[in-house]
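So you can see what is in the structure, the chains are spelled out below.
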Amino acid sequence: MFKNYVKVAWRNLTKNKVFSLINILGLTLGITVCLMIFLFILNEFSFDKFHTRRDNIYRVMRGFDSKGKNERVPYLSPPYATALLNDYPSEIKSAVRVMPSNGLISFGNEAFNENKLYLADAEFFSLFSFPLIKGNPATVLKDPLSIVLSEATATKYFGNAENAIGKFLTLDKSLRLTVTGIAQNVPPNSHLDFDAVVPLSNYAQFPFFSGWMNNNLFTYVLLNQGTSKAGLEKRFPQFMDKYLGSVMAQVGTRFDLALTPLTDIYFEPASAFDNVKHGNKNVVYIFLSIAVLILLIGCINFMNLSTIRAVERSKEVGLRKVLGALRKFLVWQFIGESILITLISCALSVALMLMLLPVYNELLGYSLLVSWTTWPLYLFLLAIIIIVGFLAGSYPAFFLSAFSPIEALKGKLRLGKGGSLFRQALVVVQFSITVFLIIGTIVIMNQMHYVKSKALGYDDEQTLIIKLNNEDIFSNRNAFKNNLLNNSNIAAVSLMSGEPGGFFDVQNFEAQGKSEVMRFRTEFADFDFVKTLGLKLTAGRDFSQQFGTDSTEAVLVNRTAVNKLGLSPQQALGTPLRNAIRDSLPRKIVGVVEDFNFLSLKENMDALVISPLQDRRVAVIKLKPGRIEDGVKAVQSAYSKVAPVYPLEYTFLDQKFETTYRTDIRQQNILTIFSGLAIFIACLGLFGLASFIANKRTKEIGVRKVLGSSANNIVLLLSKELLKPVLIATVIAIPLAYYAMFNWLQNFAYRTSLDFWVFLVAALVTFFIALLTVSLKAVSAALVNPAQSLRSE
């Protein structure tokens, strides 16, 4: 019986190849999008799930009061882990510190600057489930002079990971290490990502290791079974008072601790204070919504085209009923045909997805893990086949099976006004979704263009950024700067704690006339900061060597800081301002710079204090116009003199846009592609409807032409019926899209306006594409010889 169902279904599919191909193509594209987005969501929610102890591992977060709200950062100082183990031995089983770092790893004549170097406690591989190809997780980092390499890194060094064990490597020209383990490459769904791990104990004698305010590493704790996370967190205030009470009183800020479950870290809000991988649940929900909408368009195509074929199949249904077929068997026959089409579409979708996966990975920015052994993937495909098969096939099945056999056999069956209205309603839904996606794409593109072209308040052209991230360049930073300034291709050089878009710490300040502690962003830079970035002074003067006390007694502030102090730029000059952590005595404001966007444009302008205190992390180098190539060569030459064994790594300041807004740009690209697919699938259905209407009105067209109607009039006649629902869809979609994109734009502190032209362009694009689609069939119908049309009837 099943074979007969399949044979009948296949025969009906091949009877009208055009309609079947349109259905299969529409569903295939819709299911492909769904499958790709499902894999993306599966990967997003699988982050850190591979760790066997994941339910009891937490990252310790440090909180502090900032502008009336409690902000949390993951960086702690080294003493926290030891103190937590000592104070809570029955609650905390182990604590592991992880310090993201970088370093020069050399052997023989080879040297590599590794940016994914972790300094970690010996229990790192015991706590986390990063499989080792070679080595024992419990002992692989016990020896301070050991190092564990990832498989890819070991292969890069020695050609074969197996050959790496026992080999000697030198870290930063001083620490001789032995390779004691090889770890499998870190999976893409891990928030931690390393190429090499070195014992943190090598740095136990360094000054930073004992200081409670040197917050530079992550601390992970493994709780004992039965320990309450909430109960432990309630005891942390006493812990902070015990160890940091005097510090908190000094800086005027209350610190606290909290525990974040390992599997929740990935979806924590990303910040400049956390350089591990982070995701965004809003992006996941957006992608999920797009998948559902595009699949819905494909299903509507199927329902529409199956329903309009009712007239063609009416005699078949009537004959089957006369021969004794029950309605329920007819229903199952038509649903079976729908499921068969969905099954074929699913098979094609899997093949298409595998072909497009490399391109999709490129758009996402990381490789999706596609495991064909996991049950959720097969459950998803089965659900698609059943749900889409029933959803797309239910209405046509019940509609066709309800035909009166007498009317059907007489050939007098008509779809009626109700059927026509239902088809038009489905077209409205399809094109409402399409217009919505087009508006979303235009708004995102417009916002990205606005952000990219917005005047940032500083000069980012022909400006290089070099991190002072090794001992040689850091120790010789002043010699490096002087060497560059003596070169005719270099316009200016400044050493600073963070370039625009980089690191700007939040610290407490005491201001004259203000009883409360002020929290301002900080920049620690040399005297060439303003000149190198091309900042504009609103009041006062810049730092100057002519004033011998500027290094110890002067600061610059931006206009927002002045506003928060309740002063005008002129009034602010000479105002005492003390950094509660870094300054023993107040400094005086000697200049006010105009606001410049040193943070992402997603954040509001914040108060900034620029101090000449020592904290140099990057060198910003301004090249002279038209001398980029010679300027880069000059930088390479100067760098090789002070750090000869370290490879030079630099970026351009104007590339910060791509880095800062990478996720938004990827959303824009993916949404553009999905919008194009939505238009294409919707137009497939529209083309099918146009074909049906043209065939249904063949005789009418012939009569009209005989009576003198022109081809243009015929095209207008056929187009009018199908373009009306497109117009209605546009009217419905515009307010919905306005609401959605208005909320999306709230993610940006600086945003473009939702102008009328955005919605007009979306409407015109949709209408033009729909008109073109309908016209293709309408023109061909209008050009048919009327004698042939009338004879065919």
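Residues numbered from 1 in each chain as written. Predicted model: local features only at pLDDT ≥ 70, side-chain atom pairs only at ≥ 80, totals over all residues. Heavy atoms only, no water.

(A) Region of interest: the nonpolar core. Core analysis: the largest hydrophobic core is formed by 108 residues, its most contacted members being I37, F40, Y360, F431 and F529. If near-sequence neighbours (up to four positions away) are discounted, F431 is found in contact with A682, C683, L686, V726, A729, T766 and A770. Formed by 27 residues, the second largest nonpolar core is a distinct cluster that contains V96, F130, A183 and F194. (Core = buried A, V, L, I, M, F, W, Y, C linked by side-chain atoms within 4.5 Å. Buried < 20%, exposed > 50% of the residue type's maximum accessible area, 1.4 Å probe, protein only. Contact = heavy atoms within 4.5 Å.)

(B) Representation of the packing of helix α3 (residues 79-87) against helix α7 (residues 236-251). Following both chains from N to C, one finds α3 and α7 inclined at 125°, their axes separated by 12 Å at the closest point. Between α3 and α7, the crossing angle belongs to the class labelled oblique. Judged by the twist between their axes, the crossing of α3 over α7 is right-handed. Contacts from Y80, A83, L84 and D87 in α3 reach F236, F239, M240, K242, Y243 and L244 in α7. (Axes fitted to C-alpha atoms, helices over the stretch in contact; angles between N-to-C directions. Helix = DSSP H or I, 4+ residues; strand = E, 2+ residues; numbered from the N terminus. Parallel < 35°, antiparallel > 145°, perpendicular 65-115°, else oblique. Left-handed = near helix turned anticlockwise from the far one by under 90°.)

(C) How the structure looks around the pattern of salt bridges. Scanning the model with the defined rule gives 22 salt bridges in all. Salt-bridge contacts for R72 lead to D256; the nearest nitrogen and oxygen are separated by 2.8 Å. Taken together, the residues span a long stretch of sequence, with R72 in strand β2 (residues 69-73) and D256 in strand β11 (residues 255-261) at a distance of 184 residues. Close ionic contact of K481 with D528 constitutes a salt bridge, the shortest N to O distance being 2.6 Å. Of this pair, K481 sits in helix α15 (residues 477-485) while D528 sits in the loop between β15 (518-524) and α16 (529-533), and the two are 47 residues apart along the sequence. When its relative accessible area of 24% is taken as the criterion, D528 is described as partly exposed. What you see here is one network of salt bridges that share partners, running through R521, K564, E603 and D606. (Salt bridge = Lys/Arg side-chain N within 4 Å of Asp/Glu carboxyl O.)

(D) Molecular detail of helix α20 (residues 628-642). Taking 1.5 Å per residue as the helical rise, α20 with its 15 residues ought to reach 21 Å, and the 21 Å between its terminal C-alpha atoms agrees with that figure. Residues of α20 that are buried: G631, V632, A634, V635, A638, Y639 and V642. Taken down its axis, α20 places every buried residue within 155° of arc, on the same side. Facing away from the buried side of α20 by more than 90 degrees, the exposed set consists of E629 and K641. In this fold, the buried residues of α20 make contact with β12 (463-467), α14 (471-475), α15, β13 (490-496), β21 (618-623) and β22 (650-652). (Expected span 1.5 Å × (residues − 1). Arc of directions from axis to C-beta.)

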